[in-house]
Number of protein chains: 2
Amino acid sequence: MELSGVDILGYVAGLITAFTFLPQVLKTWKTKSAKDVSLAMFLIALTNQILWLAFGILRADPVIIITNAVMLFMTSIMIALKLKYNHS
Amino acid sequence: MELSGVDILGYVAGLITAFTFLPQVLKTWKTKSAKDVSLAMFLIALTNQILWLAFGILRADPVIIITNAVMLFMTSIMIALKLKYNHS
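Cut-off values and rules
Residues numbered from 1 in each chain as written. Chains lettered and ligands numbered in written order. Predicted model: local features only at pLDDT ≥ 70, side-chain atom pairs only at ≥ 80, totals over all residues. Heavy atoms only, no water. Contact = heavy atoms within 4.5 Å. Buried area = accessible area lost by both parts, 1.4 Å probe. Salt bridge = Lys/Arg side-chain N within 4 Å of Asp/Glu carboxyl O. 1 Å grid on protein atoms, 1.4 Å probe; cavity = no way out; pocket = protein on both sides within 12 Å on 5 of 7 lines; lining within 4 Å. Points joined across faces, edges and corners; volume = space filled by probe spheres on them. Helix = DSSP H or I, 4+ residues; strand = E, 2+ residues; numbered from the N terminus. Nonpolar A, V, L, I, M, F, W, Y, C, P; charged D, E, K, R; others polar. Least-squares fit on C-alpha atoms with pLDDT ≥ 70 in both. Core = buried A, V, L, I, M, F, W, Y, C linked by side-chain atoms within 4.5 Å. Buried < 20%, exposed > 50% of the residue type's maximum accessible area, 1.4 Å probe, protein only. Polar contact = N/O pair within 3.5 Å; in protein donor to acceptor, adjacent residues only side chain to side chain.

(A) Summary view of the interface of chain B and chain A. Facing 35 residues of chain B, the contacting portion of chain A comprises 35 residues. Of the roughly 3000 Å² buried at the junction of chain B and chain A (both faces included), carbon and sulfur atoms supply 70%. By the criterion of area lost to chain A, the three top residues of chain B are L9, D36 and M41 of chain B, representing 21% of everything that side buries. Counting every contact that joins chain B to chain A gives zero salt bridges.

(B) Here's a closer look at the layout of surface pockets. The computed volume of the largest pocket comes to approximately 1100 Å³. Lining of the largest pocket is provided by 41 residues; of these, W52, F55 and I64 of chain A together with W52 and I64 of chain B occupy positions nearest its centre. Secondary structure elements with two or more residues in the lining of the largest pocket: α1 (5-18), α3 (39-59) and α4 (62-85) of chain A together with α1 (5-18), α3 (39-59) and α4 (62-85) of chain B. The class makeup of the residues in the lining of the largest pocket is 19 nonpolar, 16 polar and six charged.

(C) How the structure looks around the relation of the copies chain B and chain A. Here chain B sits on chain A after a turn of 180° about the axis and a move of 0.0 Å along it, with an RMSD of 0.0 Å. Given the turn and translation reported, the copies of this chain are related as if by a two-fold rotation axis. Here 100% of the interface residues in chain B have copies in chain A that are interface residues too; the copies meet face to matching face.

(D) Local environment of the nonpolar core. Judged by nonpolar contacts, the single largest core of 26 residues is most densely connected at F21 and F42 of chain A together with F21 and F42 of chain B. Those elements that place two or more of their residues in this core are α3 and α4 of chain A together with α3 and α4 of chain B. When near neighbours in sequence (up to four residues on either side) are disregarded, F21 of chain A contacts F42, A45, Q49, M71, M74 and T75 of chain A together with F21 and M41 of chain B.

(E) Inspection of the side chain of Q24 of chain B at higher detail. By the secondary structure assignment, Q24 of chain B is in helix α2 (residues 22-31). The exposure class of Q24 of chain B is buried, given its relative accessible area of 0%. A polar contact is formed between the side chain of Q24 of chain B and the backbone nitrogen of S38 of chain A, at a distance of 2.7 Å. With near-sequence residues (within four places) excluded, Q24 of chain B lies in contact with D36, V37, S38 and M41 of chain A together with V37, F42 and M78 of chain B.

What follows is the structure in structure tokens.
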């Protein structure tokens, strides 16, 4: 398997994408306050990740599958935290 | 140009991705409060969108270019709002 520079850029972008929501999850977990966070943003992200996951599975593309599985997991935690700490 | 079902799924996912951050921008704009929002999340997103934009340009892929140009614009606004309303 040979990787071009363009492929490597795609993998790096995929890896960073996977952890985009981690700082928000950690912040909300720590402060127990999610009043200012938009629930709609995470619901759109959830819908989007399910679509990307389906796309990745249909294309049999491991980078898309892994990236979106990780994001789906973090987004689900964030939605739960938002619902729990919405009024704190 | 013929589009497969898989391609269409990719375009729909791209379109939804582009507007993920819009509800957060509107919410912060309206409430003038961004204390609970993670700056790190948007800085990671910004880095990520720049990489995806470069990837899209190198691949000459209009969907990736447009999606990430829109996201880059919204993320920049959100970072400005976060810095402005951080302590409200």
